[in-house]
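# Coordinate inspection notes
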Amino acid sequence: MTRDSSTFAESPLPFLLDEAEPRPLAGGKTPSYISDHRQRLRSRFMQGGAAALPDYEMLELVLFRAIPRRDVKPLAHDLMKRFGDFNRVITAPPERLRDVSGVGDAVVTELKIVEAAAQRMARARVIEQNVLSSWDALLDYCHTTMAHRETEQFRVLFLDRKNVVIVDEEQAKGTVDHVPVYPREIAKRALELNASALILVHNHPSGDPTPSQADIAMTDQINNACQALGLTLHDHLIIGKSREISFRSEGFL
């Protein structure tokens, strides 16, 4: 039996459409003021880059693709009001984003694509690189992936003998002020990967990277386990909102 392929053609999902050219809907065409505003904003971005736009307008550019024919400026302002800035909107958990009226799957998808792209670009500057000679790139990566999280996350970068990152691994997730860490498991994982050195990284959702006594004690335990196995613990970084603390620089290691 011959089938008419047009009968079974799937319609593209709204958030996958390129919004450069508005497409008419059953309810009518896009109001000209929305089309004109979008074109002006795109032009400003292409001419002046991100520096030419405040955070809420950068957010509008992202929302254009998710919401084809509606003024997204009010939603951009609502998101900024709820989360504080562009970075915090992009990295907010999907369930919290959906608490904002007007945010659905399409909006969450677009925001998470931007977040993933930023993290992948930052990660590319670190993986398979000597991190001790590209320390600024490592800090940028850690801030991109962890600075705006609302709960604590503990990561370990496992390095080879040339201090090249071979694996960047999330070890644990926690609450707003605690994350469970098991020194033996970290040392065991280093041996499995044939790693020679480690860098510990975790974030403080409060924004203040000052280490707690528990942070210091846990680092000492991991360092002792590493020394017993001939591994080097280069550093433990605590990532805050706008700055970080290095245990090595602060004399804790």
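Residues numbered from 1 in each chain as written. Predicted model: local features only at pLDDT ≥ 70, side-chain atom pairs only at ≥ 80, totals over all residues. Heavy atoms only, no water.

## Digging into the packing of aromatic side chains
Here is the rule we go by: Centres within 6.5 Å make a pair out of two Phe, Tyr or Trp rings, where for Trp the six-membered ring is used; the pair is then stacked when the planes are under 30 degrees apart, edge-to-face when over 60, and tilted otherwise. Note on exposure labels: buried denotes an accessible area under 20% of the residue type's maximum, exposed denotes more than 50%, and partly exposed covers the range between, all computed with a 1.4 Å probe on protein chains only.
Taken as a whole and judged by the stated rule, the model has one aromatic pair. Judged by centre distance (5.2 Å) and plane angle (50°), the ring pair of Phe247 and Phe252 falls under tilted. Taking relative accessible area as the criterion, Phe252 reaches 32% and is therefore assigned partly exposed.

## Focus on the pairing of strand S4 (residues 232-239)
One face of the sheet, then the other: side chains in a regular strand alternate in exactly this way. Spelled out, the test is: Starting at the N terminus, helices and strands are each numbered in turn, a helix being any DSSP run of H or I of at least four residues and a strand any DSSP run of E of at least two. When DSSP finds at least two bridges between two strands, those strands are taken to pair. Think of it like this: strands point away, you trace from the first strand over the helix to the second, and a clockwise trace means the crossover is right-handed.
With seven of its eight residues buried, S4 lies for the most part within the structure. The pairing of strand S3 (residues 197-203) with S4 spans seven bridges and is classified as parallel. Looking across to S4, one finds that Leu198 is bridged to Leu233. Between the parallel elements S3 and S4, the chain passes through helix H9 (residues 213-228) in a crossover that is right-handed.

## Concerning unusual backbone geometry
Residue Asn163 is not a glycine yet carries a positive backbone phi of 60°. Residue placement: Asn163 occurs in the loop between strand S1 (153-159) and strand S2 (165-173). The exposure class of Asn163 is buried, given its relative accessible area of 16%. A positive phi angle, close to 60°, is found at Asn194, a residue other than glycine. Following the sequence through the fold, Asn194 ends up in the loop between helix H8 (183-192) and S3.

## Let's talk about the pairing of S1
Burial analysis of S1 places seven of its seven residues in the buried class, which makes it a mostly covered element. Of the two faces of S1, the one lined by Gln153, Arg155, Leu157 and Leu159 and the one lined by Phe154, Val156 and Phe158 are each fully buried. Sheet topology note: the S1/S3 ladder contains six bridges and is antiparallel. Residue pairing across strands places Phe158 opposite Leu198, the latter belonging to S3.

## Some points on the pattern of salt bridges
Quick note on the threshold: A pair is scored as a salt bridge if a Lys or Arg side-chain nitrogen falls within 4 Å of a carboxyl oxygen belonging to Asp or Glu.
Tallying each qualifying case throughout the model produces 12 salt bridges. Between Glu150 and Arg96 there is a salt bridge, and its shortest N-O distance comes to 2.1 Å. You can see Glu150 sitting in the loop between helix H7 (135-146) and S1 and its partner Arg96 sitting in helix H5 (residues 94-97), a full 54 residues away along the chain. Here Glu150 falls in the partly exposed class, since its relative accessible area comes to 31%.

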